[in-house]
Amino acid sequence: MEKELKFDAIGVLDFDHWTDAKKFSYSPPLLGPNDIELKIEVCAVCGSDIHAANGDWGRTYTPLAVGHEIVGNITALGDNVDKIKFNLGDRVGVGAQINSCGKCLRCLRNRQQNCKDFVGTYQGVDKKNGFETQGGYASHIRVNSDFVFRIPDQLDSTIVAPLLCGGITGFKPLITGEVKQGSKVGVIGVGGIGHMSILFAKALGAEVTAISRSNRKKEDALKLGADHFVATAEKGSLDSHVDTLDLLVMTASSFSESDIDQTLSLLVAGGRAIFITNPPAQEKLTLTPPTMLSNEYHIGGSAIGSPHDIEYMLKLAAEKQIKPWVQTVDINEESVSDVWKKMVKGDVRYRYVFTGYDKYFK
Ligand SMILES: NC(=O)c1ccc[n+]([C@@H]2O[C@H](COP(=O)([O-])OP(=O)(O)OC[C@H]3O[C@@H](n4cnc5c(N)ncnc54)[C@H](OP(=O)(O)O)[C@@H]3O)[C@@H](O)[C@H]2O)c1
Ligand SMILES: [Zn+2]
Ligand SMILES: [Zn+2]
């Protein structure tokens, strides 16, 4: 019986026509003893969905359903899953990772996101069974229970979904950078992740500078709580902000329209810049050594967050009522295609969330 089970999904069938999203069905992996199956209620649209669907990171397999900001209800539990923590019907979330080896030093040190056996929610391969993973634009998903999160009752599914990848990705550099009351934080890129990073930095008490390419998002950034706004394309607009920031969170989806030396000049000496940008595979980040050493800048990368970080973020989001700005759209082939095209144009304020799963995936 189990072998014939199929989940319905929407995704890319042909990378040459990637915006033409199509319905397909796939056979899920067997439900392992540590796995949870959920019936998906909503899934938000991360910038990574676009990179993966358009082949920016390489043309992997098709059909490919993306989506890794998932909220749903539990429909099956493996034998070894903690039945005190999880019950059938519970509302839970899944982010960008669905498994890791669980044994290496990285996993044991709560760095599951850095495990060499990281299994992405989509465009990943689970070494255990060879399964090529399929994401949250689908009726159901099966996930190792270590990567399933209970959702605080106070948070709506559409609000919490974007937090599960984008939110943690924008929040984690604030943890690493030890942001606290009075810290001076710059967020580059007022997109999905950038706008959530602004919300979290404000919740931690930071003074926030939003850095965007143009003035188009100035009003929104200030509404989100940013104290200052800089448009990098406006001549001279950075001048008064040079040497002011302790931390720069670089959330743009590409470095192609960024001048790194210029943006680093916003940091105080010894300041830290953390990029979460995961650009097209051919892009390189160019740094100028004398600039780095004379200012003692620290540059780092950051990948989502660990399950522990995600739990902490969800708690904080419930306490501080962190609410990403979302646009809900009922899921179907046309709406997925349309949302992807809008994402490419930058026409999003600031996270699309697919809803209406019950209507579409009968
Ligand atoms: N590290 C991780 O674990 C992780 C996790 C999730 C996503 N990501 C990556 O994070 C990036 C952002 O994701 P997102 O969901 O926030 O995407 P998004 O909503 O599309 O926002 C990206 C923002 O980047 C800026 N931008 C776009 N094109 C640019 C260019 N050519 N040069 C400079 N800036 C540009 C824009 O901001 P302005 O208009 O304000 O300039 C845009 O709003 C993606 O690369 C994604 O793959 C990384
Ligand atoms: Zn590991
Ligand atoms: Zn993501």
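Just above, that's the structure.
Nothing here was measured: the structure is a model prediction, and the numbers come from that model. (Residues numbered from 1 in each chain as written. Chains lettered and ligands numbered in written order. Predicted model: local features only at pLDDT ≥ 70, side-chain atom pairs only at ≥ 80, totals over all residues. Heavy atoms only, no water.)

A.B. asks: Help me out: how do you make sense of the coordination of the zinc ion (ligand 2) in this one?
C.D. replies: At 2.3 to 2.4 Å from the zinc ion (ligand 2) lie its protein donor atoms, namely Cys101 (SG), Cys104 (SG), Cys107 (SG) and Cys115 (SG). One can describe the site at the zinc ion (ligand 2) as tetrahedral: its four donor atoms subtend angles covering 104 to 118° at the metal. Taken in sequence order, the residues that donate to the zinc ion (ligand 2) follow the motif C-x2-C-x2-C-x7-C. With cysteine 101 in the loop between strand S6 (97-99) and helix H2 (105-108) and cysteine 115 in the loop between H2 and strand S7 (119-120), the pair connects residues that are 14 residues apart, well separated along the chain. The exposure class assigned to cysteine 101 is partly exposed, which follows from its relative accessible area of 24%. (Donors = N, O, S within 2.8 Å, 3.2 Å for Na, K, Ca; no water. Tetrahedral: all angles 85-135°; square planar, octahedral: opposite > 155°, others 65-115°. Helix = DSSP H or I, 4+ residues; strand = E, 2+ residues; numbered from the N terminus. Buried < 20%, exposed > 50% of the residue type's maximum accessible area, 1.4 Å probe, protein only.)

A.B. asks: Can you walk me through the site of ligand 1 in this structure?
C.D. replies: The environment of ligand 1 is formed by 28 residues, the closest being His51, Ser212, Lys217, Ile304 and Arg351. Arginine 213 has a polar side-chain atom sitting 2.8 Å from an oxygen atom of ligand 1. Within the backbone of serine 253, one N or O atom sits 3.1 Å away from an oxygen atom of ligand 1. Where the shell around ligand 1 is concerned, the elements lending two or more residues are helix H1 (47-54) and helix H5 (192-203). Residue contributions to the shell around ligand 1 peak at three residues, all from H1. Looking at side-chain class alone, the shell around ligand 1 contains nine nonpolar, 15 polar and four charged residues. Structurally, the shell around ligand 1 is a two-domain feature, drawing no fewer than three residues from each of domain 1 (7-165 + 305-361) and domain 2 (167-301). (Near = heavy atom within 4 Å. Polar contact = N/O pair within 3.5 Å; in protein donor to acceptor, adjacent residues only side chain to side chain. Nonpolar A, V, L, I, M, F, W, Y, C, P; charged D, E, K, R; others polar. Domains from an automatic or database assignment.)

Geometric descriptors of this kind do not, in isolation, establish any biological role.
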